[in-house]
Every structure is written in structure tokens, then in C-alpha cells.
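One letter stands for each residue in the lines below.
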Amino acid sequence: MRYENDLRDRAAIVGIGATEFSKDSGRSELQLALECVSAALEDAGLEHSDVDGMVTFTMDNNPAVEVNRFLGGGHLTFFSRIHYGGGAACATVQQAAMAVATGVADTVVCYRAMNERSLNRFGTGIQDMQPEPTTASAHFGWYAPYGLLTPASWVAMVARRYMVEFGATSEDFGRVTVAARRFAATNPKAYFFDKPITLDDHQRSRFIVEPLRLLDCCMESDGGVAVVVTSLERARNLRCRPVRICAAAQGATNEQQMMTGFYADDITGLPEMGLVAKQLYATAGIGPEDVQAAIIYDHFTPFVLAQLEEFGFCGRGEAKDFVKDGHIDSGGSLPINPHGGQLGEAYIHGMNGIAEAVRQLRGKAVNQVDGAEHMVVTAGTGVPTSALLLGADG
Amino acid sequence: MATSKEEFEARLQEFVGLEIGAPEVGADLVNEPMIRHWCEVMEDRNPVYTDPAAAKDSVHGGIVAPPTMLQTWILDGFDMATPEKQPMNKQRELHAVFNEQGYTGVVATNCDQSYDRYLTPGEQVSGTTVIETISEEKATAIGIGYFIETRTTFRNQDGEQVGWMVFRVLKFKPSAQPAAAPAGDDGAPAAPVRLRAPRTHDNGWWWNKIDEGELHIQKCGECGVLRHPPRPMCGECRSIEWTSIISTGKGVINSYVIMHHPPIPGYGFPIACALIDLEEGTRIISNVVGCDLDEVHIGMKVSLSIENVDDEMKLPLFKPAQ
């Protein structure tokens, strides 16, 4: 199988924009989308009429044509939506880069805007599953009658096995949250700004689905984030220091399912993320040793450990020690989620992590990682997924 | 009236630490008829509450009141049903502040009580209530709101503390209510039931076999490979021909979880969900029943028990193997 592709350094991220992050935005998802897209274009120094491409998630409720229309934009030559929940996050940028690289579009906006907390909480799972016999509902029919019907429950099933296989403990999961909340505490944009926690706080938090505690689960948020992608050549003439898209990839493997991949021989890994990692490293021509910081999708703590392993930042089963030894903290060998992640800043389906990587690689992040030249950014885990390898320019 | 969230929350915090008003004094002294009524309703047959002779021989030396009656001694009686007739106090003022901002719903969520000793007939109970905490805004299944905790300290006529209670309510903005539960034949709301598995052309036969009391495993009609969940085509040989075998129902737990939150009607959380390696080599998700939750473990041997989980639905469940 060929892992290398032709996307290396063809496109760049030139603008980022976001709304505030809250539990109740008090306005429509459409307005959030317009606000964050507008802010991203402003950041890039581009006009609404420059936009000719738009990408979002299938789960986003704001159609590209509506966002474009209300922005007062012009003609679109590329519009696309990506499936599989948070697994879509980095793939929005991948598709934008592909469109730019092939000349299908010149300026592509990727956005995700949602009142996830105040309107449609994902944490409640598939309680409102439609009774019509479709492929999707029949699939969840293997789990729903038994009560296994929330994202936390599907992750917990894998986490329990991981604990037994590798000797990981609830405290090992908790250290991921403690690290994220430590970063969030010094990020004024984070929902949990100035609210660090201790490992004791984690251990005292109630069970959601054993072995997962409340503080193993990311928060639920309202908000919107957008990024602007154009060619690297053009990017160098724009307002901000460009962030190169060194590589971008999607991945789904044999026996892949949507959160319920319980049938592979070994359920403790994230093989789709391994597939994505191989493509990123092959395309960018670098390895994990060349990455100084990372945005690791953190909707649930156990999958942060598995991702560190799949990307080769540590060996299989060793992530618990990697985290315990402080590698992921400020000043460590691989600080992760310096914005606080989805455990600390906000849950915008992975898009706020992409924006943070851009700030880091511009050298303008609130918790700046010294010498950040290359960063890995990952999308939703346990689902068909995607990731980026981004690089500072110049 | 437009009030910013900051102003609103600042106003709420002004109530924290306040006594809601003068102590509420019980209209009646602790007395045997009220104790008897309460015990009848609660079906509490303990003779120390109602039988003078038995009570005299007990450690109490006479009739005592059930400790859990503590709050009833100071409740308002029928006036409680007409809140507009109630005198204003700080608690009602606080609720009015919430109501103005659309947090019109109220639901009691927790009550913790502690008893210092038994009460005896003739004592007069009074309660002093303080608004102890107001949470930050929380999103709940019934709407966005704030948890209010009050602490009531109960004393007797001599000022001696006899117990306390922490009572927690959620003041919330009612969200769009789900459709009413379907009514049964007698007009009463039907009890919530577990979600059904939709039956398609691909899986309907399998659920039909469960209804008949058999756990089947799909088998390729061409190459014979076993597979679960059922699907239309064999991933090994692309054949769309298939048959099935009946599972022995013997398996080993590969992994498991205990479901706690959010509570979902019809399931009775906490329950154990497990990924089970069947003897035949396929895997299935199910519940482990027939043992304590803390006995469930990876590697545990289990065996099938097809059971009715409600009036209409059968599920293949698993129990510890004998």
C-alpha cells in the first residue's frame, strides 16, 4: 500500500476565526457560523468575495450555500461535507487542500458551528434513534437494546480492555485531564480558564460509564471555529505568517465502525489513526521525532493514550508512562493541546484544535511551545478519522 | 427586562448564605396519632413507633417517632398546595428572580438528612433554613438551569439540634417537552421500555430467531465462515448465500462497562454491558445479569439466557456460567 500522496506543501492555512465558547450561545448556529467565518477571513485579510470553496461536517447544521449567501459571498466552485462526526475535523482541511492543489478552488473556508450544549447534546447518545429500519439504525440496534447507547459507553468498552492489557489505571486517564486543565487555566478563551484540577478531583468525580469518570469526558460546548485555506504560494503574500499543510490524510480500516469497532481481533488500538499517521509521515517526509507539539483529539481520555501510541510518540502500551513522566506538559518533549483541548478549552468537534495549531506555528499562542516547527493535529477517534501535519513557514 | 447573565448570576449570589426567614415551627407537637398515620402510609411495621408495650420494652423505653419523619413536623399542610397564599421569604424571592428570567421549572433532585437522635412525643420541632449554594448554570435533560442547595437545621423547643437536611432543587428553563408516553389500554401512561432494534432485510431473521428463543450465528453458504452481526454479503468470498447455526450460548467476557449516566428510562441503570467472545468465535454485545455488578470481569465465563425484558421484547442476555 502506498502511503505517500501529493499534497505536501501545496496549500496553507492563512486565517482562523472563532466565536466565544460557552454552554449557551444565545444565538443561532447560523449566526455562529457567520461570525467565525467572517473572523477567519478578517484574520487572513481576505474578502468574502474571495471565497470560492466551503467545507464542513455532515453533522453541521449550516449548509454552505446559506453561509455563503448570508456572508454576501460570490460564486462557489467547490463545496463538500465530511461524514463520521468529529472524524471529519482535519479532513475539512484535507479536502480544502485538495481543492486548492487541483485548482478546483482558490480560497476555501472550513467551518464548524454548533449549539451542541444548548441545542443538541451528543453525550446523551442515540436515545432518539429513529425506528425506521435503515443501515444506520439497524447498526445501533445491536447496542441500544442493551443500554450501550452513548459515546462514553462505546469508548469505555475499549478502555476497559486497554486497562487490562497494558496495566493502565483510572489515574493514568486522569493525568490527561489534569494536564489539559492546567493549560486551559492559563488560556483566557478557555471555558475552564483559571480552573485547574488535581488528580484527586478526577478520582472523586462520579462514574459516567465505568471505567470512565465525569472528568474523563470532554465538556459540551456552543461555539464556532473556521479556518481559511489557499495555495502556499498565495499565502506568502497575505497578512499572516502562513501555516503549511505538510500532509493531510483520512483513514478507515477493515472492521471500522462508527464508535463500535468491537469485532477486530484486538480492540485496544486505533488502527485508523495508525493508517492516518503513516500517510502523514510518508507525505511530509518526517517522523514523530520531528514533531514538537501536537493537538490530540480528546473527547475521552483513554483514546489520547492510544493516539500517542499510534503516532509513534511512544511504544504500544507505554502512553501511560509517557503521560506520567510529564512529556505532554508544558516544557515536556511533546506538549499536547496547549489551548486546553476539548477537556479544557471547548468541544468544537476538533476544529478549535486546528486553530490552536495555527497559533502555535505562527508563534502567537497563549501557551506558546518554544520551537514549535511541526505539529500533528488529529480528529475524532473510534470513528473513521483524519489528521494533519502542519508546519511553520519561513 | 433585559438582564445580562453576569448581572443575573450576581443577583443570585446575593442570596447565598441567607436564612430564608424566621424558623419554621411545627404546628403540632410530636404526637402518636401522626406517627401512626405516617407508619400506615409508609407500611412501616416497627412496633416501637406504634405499640406502647413493645416500645416500653425496647431500648427507647417508650414510643418514638421514625427519624425520617423529621421534616414532616414542620411542613405547612394544605397551604403548600397554594403557593400564592404563602408568605414571602428569601427562598420564594430567589425563585421569583429565576422565574423572571424564564427559569420557571422546579424539580427536587436530592435530599440528604441526618438524625442526631429519636424524637419523642411532646417535643416541638422547628427548622432554620439557609440558602447554602447556587451552582453555575448546568445543562440537564429537562433544560438549562441552576441547582440550589438549602440546609435546614432542626431543633427542639430547648434549642437542641436534633437533625439536619440538605435539599437540592433544579430551577430550570423548561426545554421542548418530548411527546407524552403512549398510553396503555387503561389510559395510564405506559412504562418506559428499552429501545427496539430496527429489523431490516439483513437482520430481521436474527431477531425473529431470538423471539423464538434461539441465538443464531450467520454462516456463509459458500465458504462457511461465521459472522456477527449479520450482513448481506460474505467479506471472504463475496457470496450472498447464507445459512445459520444455533450458538451454544457459551462465551467469555472480552470487555465490559457499567452504565451509570445519563440515566435512560427503561433500563434501570446501573447495569453491565459486555462484549462477549462466543465459543464459536464470533462476538456479541449483551448485558450480564444474574450476579452483582462487581462480580463481572474480563475472562468471566458466561452462558446465554434469552429473557423477556418487557412485555414485548426478548433479548439474548448472559449469566455467569454454572
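Residues numbered from 1 in each chain as written. Chains lettered and ligands numbered in written order. Predicted model: local features only at pLDDT ≥ 70, side-chain atom pairs only at ≥ 80, totals over all residues. Heavy atoms only, no water.

**Brief notes about the sheet that holds strand β7 (residues 216-220) of chain B**
Residue and element names in this part refer to chain B. Across the sheet, which stays open at both edges, the three strands sit in the order β8-β7-β9 with antiparallel pairing between neighbours. Only two strands of the sheet have a single neighbouring strand rather than two, namely β8 (226-227) and β9 (242-246). Relative to β8, β7 runs antiparallel, the two being bridged by two bridges. Within β8, the residue paired with Gln218 across the bridge is Arg227. Its contacts with the sheet place helix α5 (residues 204-211) against β7 and β9, and it is angled at close to 145° to β7. (Pairing = 2+ DSSP bridges. Helix = DSSP H or I, 4+ residues; strand = E, 2+ residues; numbered from the N terminus. Contact = heavy atoms within 4.5 Å. Axes fitted to C-alpha atoms, helices over the stretch in contact; angles between N-to-C directions.)

**Observations regarding the domain arrangement of chain B**
For chain B, the domain assignment lists domain 1 (5-30 + 65-172), domain 2 (201-241) and domain 3 (247-322). The C-alpha centroid of domain 2 of chain B is placed 59 Å from the C-alpha centroid of domain 1 of chain B. (Domains from an automatic or database assignment.)

**Notes on the nonpolar core**
The biggest cluster of nonpolar side chains holds 108 residues, and the ones touching the most others in it are Leu148, Phe262 and Leu308 of chain A. The leading source of residues in this core is helix α5 (residues 151-166) of chain A, at nine residues. Split by domain, this core shows at least three residues from each of two domains, domain 2 (201-241) and domain 3 (247-322) of chain B. With 45 residues, the next largest nonpolar core counts Phe57, Ala88, Ala355 and Val358 of chain A among its residues. (Core = buried A, V, L, I, M, F, W, Y, C linked by side-chain atoms within 4.5 Å. Buried < 20%, exposed > 50% of the residue type's maximum accessible area, 1.4 Å probe, protein only.)

**Considering the layout of surface pockets**
Residue and element names in this part refer to chain B. Estimated volume of the second largest pocket: approximately 1100 Å³. Lining the second largest pocket are 32 residues, and of these Glu24, Met80, Gln86, Gln91 and Arg92 sit closest to its centre. No other element matches the five residues that helix α4 (residues 90-100) contributes to the lining of the second largest pocket. (1 Å grid on protein atoms, 1.4 Å probe; cavity = no way out; pocket = protein on both sides within 12 Å on 5 of 7 lines; lining within 4 Å. Points joined across faces, edges and corners; volume = space filled by probe spheres on them.)

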